[in-house]
Amino acid sequence: MLSRTLRLLTCYACLWLVLTLPGLSGCSPAEHPSVVTVDFWAMGQEGEQLRALLPEFERRHPGIRVRVQQVPWSAAHEKLLTAYAGGALPDLFQLGNTWIPEFVALGALAPLDERVRAWPAAALADYFPGILATNRLDGRLHALPWYVDTRLFFYRTDLLAAAGFAAPPATWAEWLRAFAALRHRDGADRYALLLPINEWQLPVILALQRGAPLLRDQDQYGDFREPRFREAFTFYLSLFEQGLAPPVGNTQMANLYQEFARGYFAVYASGPWNIGEFQRRLPADLQGHWSTAPLPGFDSGPGVSLAGGASLALNRASPRQDAAWALLEFLAEPAQQARFYQLTGDLPARQSAWNDPALLSNRQAAAFREQLRFLRATPAIPEWERIASRIAYYAEQAVRGALSVDAALTALDRDVDRILEKRRWLLARKVAAP
Amino acid sequence: MNGYERQLARSGWAFLAPALLLIAVFFFLPVLAALLLSFTDFDIYALGDLRRLRFVGLENYTQLLQSPLFWTALGNTGYFVLLGGPLSVAVSLGAALLVNARLNRFPGLFRTALFLPVVTTLVAVAVVWRYLYHPRYGLLNYGLSLLGIAPIDWLGDPDWAMPAIILMAVWKNFGFNMIIFIAGLQNIPIQLYEAARIDGASTGQQFRHITLPQLGPTFLFVALMTMIGYFQVFAEPYVMTQGGPANRTLSVVLLMYEEGFRWWNMGYASAMAFVLFALILAGTALQLLLRRRAR
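Basis of the calculations
- Residues numbered from 1 in each chain as written.
- Chains lettered and ligands numbered in written order.
- Predicted model: local features only at pLDDT ≥ 70, side-chain atom pairs only at ≥ 80, totals over all residues.
- Domains from an automatic or database assignment.
- Contact = placed C-beta atoms within 7 Å.
- Helix = DSSP H or I, 4+ residues; strand = E, 2+ residues; numbered from the N terminus.
- Axes fitted to C-alpha atoms, helices over the stretch in contact; angles between N-to-C directions.
- Parallel < 35°, antiparallel > 145°, perpendicular 65-115°, else oblique.
- Left-handed = near helix turned anticlockwise from the far one by under 90°.
- Nonpolar A, V, L, I, M, F, W, Y, C, P; charged D, E, K, R; others polar.
- Core = buried A, V, L, I, M, F, W, Y, C linked by C-beta atoms within 7 Å.
- Buried ≥ 20, exposed ≤ 12 C-beta atoms within 10 Å, placed from the backbone.
- Expected span 1.5 Å × (residues − 1).

Undergrad: Please set out the domain arrangement of chain A residue by residue, giving values where relevant.
TA: Residue and element names in this part refer to chain A. Taken domain by domain, chain A consists of domain 1 (36–149 + 307–371) and domain 2 (152–305 + 380–432). Domain 1 and domain 2 are separated by 28 Å when their C-alpha centres are compared. Counting from both sides, the interface comprises 16 residues of domain 1 and, opposite them, 18 residues of domain 2. Sorting the residues of the side of domain 1 that touches domain 2 by element identifies helix H5 (100–106) and helix H18 (363–371) as the ones contributing at least two each. Top contributing element to the side of domain 1 that touches domain 2 by residue count: H18, with seven residues.

Undergrad: Describe the packing of helix H19 (residues 384–399) of chain A against helix H20 (residues 405–419) of chain A, naming the residues involved and giving the relevant values.
TA: Residues and elements named next belong to chain A. Closest axis-to-axis distance for the H19/H20 pair is 10 Å, and the angle between their directions is 165°. In terms of orientation, H19 lies roughly antiparallel with respect to H20. Seen from above, H19 lies across H20 with right-handed handedness. In contact with Arg-386, Ile-387, Arg-390, Ile-391, Tyr-394, Gln-397 and Ala-398 of H19, H20 contributes Val-405, Ala-408, Ala-411, Leu-412, Asp-415, Val-416 and Ile-419. In terms of residue class, the contact of H19 with H20 is built from ten nonpolar, one polar and three charged.

Undergrad: Could you give me a rundown of the nonpolar core, with the residues and numbers involved?
TA: Counting residues in hydrophobic clusters, the biggest one holds 174 residues, and the most contacted among them are Ala192(A), Leu193(A), Leu327(A) and Leu328(A). A total of twelve residues in this core trace back to one element, the largest contributor, which is helix H8 (residues 158–186) of chain B. Residue assignment places this core across two domains, with domain 1 (36–149 + 307–371) and domain 2 (152–305 + 380–432) of chain A each supplying three or more.

Undergrad: Now, about helix H15 (residues 321–332) of chain A: what can you tell me, with residues and values included?
TA: For H15(A), built from twelve residues, the straight-helix expectation of 16 Å at 1.5 Å per residue is met to within 8% by its first-to-last C-alpha distance of 16 Å. Where H15(A) is concerned, the buried positions are Ala323(A), Ala324(A), Trp325(A), Ala326(A), Leu327(A), Leu328(A), Leu331(A) and Ala332(A).

Undergrad: Break down the interface of chain A and chain B for me, with residues and values.
TA: Accessible area lost upon the coming together of the parts serves often as the stated size of an interface. Contact residues are listed per partner, giving 19 residues for chain A and 18 residues for chain B. Looking at the side of chain A that touches chain B, the elements with two or more residues in it are helix H1 (2–25), helix H4 (73–85), H5 and helix H21 (421–432) of chain A. Ranked by residue count, the leading element in the side of chain A that touches chain B is H4(A), at five residues. Of the residues that constitute the side of chain A that touches chain B, the class distribution is nine nonpolar, six polar and four charged.

Undergrad: Account for helix H11 (residues 201–210) of chain A, naming residues and giving values.
TA: Residues and elements named next belong to chain A. For H11, a buried count of nine out of ten residues is recorded, marking the element as mostly surrounded by other parts of the structure. Residues Gln-201, Leu-202, Pro-203, Val-204, Ile-205, Leu-206, Ala-207, Leu-208 and Gln-209 constitute the buried set of H11. On its buried face, H11 is in contact with helix H12 (227–241), strand E11 (267–270), strand E13 (305–306), strand E16 (375–376) and H19. Just downstream of H11, Gly-211 is the residue with a positive phi angle, here 85°.

Undergrad: I'd like a description of the environment of Val275(B), backed by residues and values.
TA: Positionally, Val275(B) belongs in helix H14 (residues 266–294). For Val275(B) and Thr249(B), which are 26 residues apart along the polypeptide, the C-alpha to C-alpha distance reads 19 Å.

Set out below in structure tokens:
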């Protein structure tokens, strides 16, 4: 009996060995003790182009090696959250600046206030203030902007000139006259502008321009039936009702660049990544006939746009924060920001980097520099991305005519109030137990 | 039970133990955890600090049943199961009959060729099918244009997106059921057909009165597995359309994935998983019941 038990135990031991051996052999070879390896996750093309900056960093910091992992944008948010849940966040990572409140709620980011205190005073002031503000929460700095992203108009200079406008207008009223002229060109299947109906950005920008608060009572409830939001929303819908914009989504546009070249639409609200795309994809004979313009305002231009962009943050649980900070500091240098622009086309978050000749000579980037002075951030709460997706959903329903303005905004308020229920509970609890 | 039998039982358990342990740790424990999770509001706040977790009882379930998006997803999934399931079984059976036909000189070749889509990576398949479905340059619309039919925006048109996904899913999956049907066909005693031919039964009569009844158990198995698999449709719409256009290809599992991993509403997503489980269980029970009635 005993020998039988023993034999079984031996069997289990063998099985255990077989099962765990691959794990053992998978261990990385012992690293040199004096060299610290920093894990860095960056998204999309940034993750790829970034590598060109690293030899310089590793030359300056012989004790630090950088391991970059490239994460596709479409999966980045999920991957970062899952990595946090599994305790596998890298030492340093890129994140969209609207995700910062979420990661702050998780307590995943190491505050940077102490570290930037060692910087010269001018360095922090060098960041575009609207962008830097999105990295601050509850008075603390949680991340540093890497590059900026905002929305403005891309337009056909030739078509606008033919419509009687030598320069892009500065107000919505004037743009509406331009749109009307652009609409009545040859043929009926022409539109003035393209606003993908499955995006939340433009309705929100219009609301921010009107001064709508979006949320009320410390961001505890939706405030979408508020008159200013309603006004902006109605204005947005009117662009479709008047036939100025086609009611199509992003996915229905087979080739946006071709359609822009064909003159199917003359104006397109989009972000900096499209400067490069337009330069690459539009036919050569059209290259001199397009430009960018700051968004118009309701009173006198320019109007505010979104303070978007990507930031870099340190993992609070990382034991290699000092080395990761060295890398972050390096990437924040104006010289590196300028080089990064040359590699990726991403617009620098620091104003002094814009004095780089390559950026100064880029005609289409100039409007962005102007726009970056007029920014407004979306509410800094973890629920914002969900709320934005509901705005996009109801805006699309209203454009398609499936819901009236009142029905859409009432439903939006109801959905958003439900999304914010947990936030109300947390705030109430905080008040009850100071 | 005498001593020998007891010893036998003990060693039986000992041999089973590793497998049972693995199932318990990697299946039953997570399922139990998910069930508990479905009664909480586990979200991003709770992930950061467990003190921010609340037990909400059945609230996730009631909220789910009131959510129009869930009903949309359920409707889409039902569409997929009801159209795709029978279509898949019919195509598998047809292919199995062709491969198994006596006129077919190379059964091995055809069996392998038709099985190939099953083992191909879905993402690769989806990339190729997206070319086929391209509204302007796609092969499918080119074929239609030869017949004088106007081009269809397969994946962009709300009415056509789901049929397009079903077509791809059926093409991708029918090979597996075909193999099972071939095995079933080869198990039918050849004497039955010989006797039928002597009695003067036509090919159609042979199919109706010998092949179909003899395939009964195979049918049940194939129908059940297909239904269970199709209820859990996820990868096809995830890769091809991301649930669009206008949520017309949003399936229950895709919605669950979005709620769970995009918005990190684990409690709500778990509740959805159990509702889907209940639906699949009911569907399976219904099929078994119908089969028993028919017998």
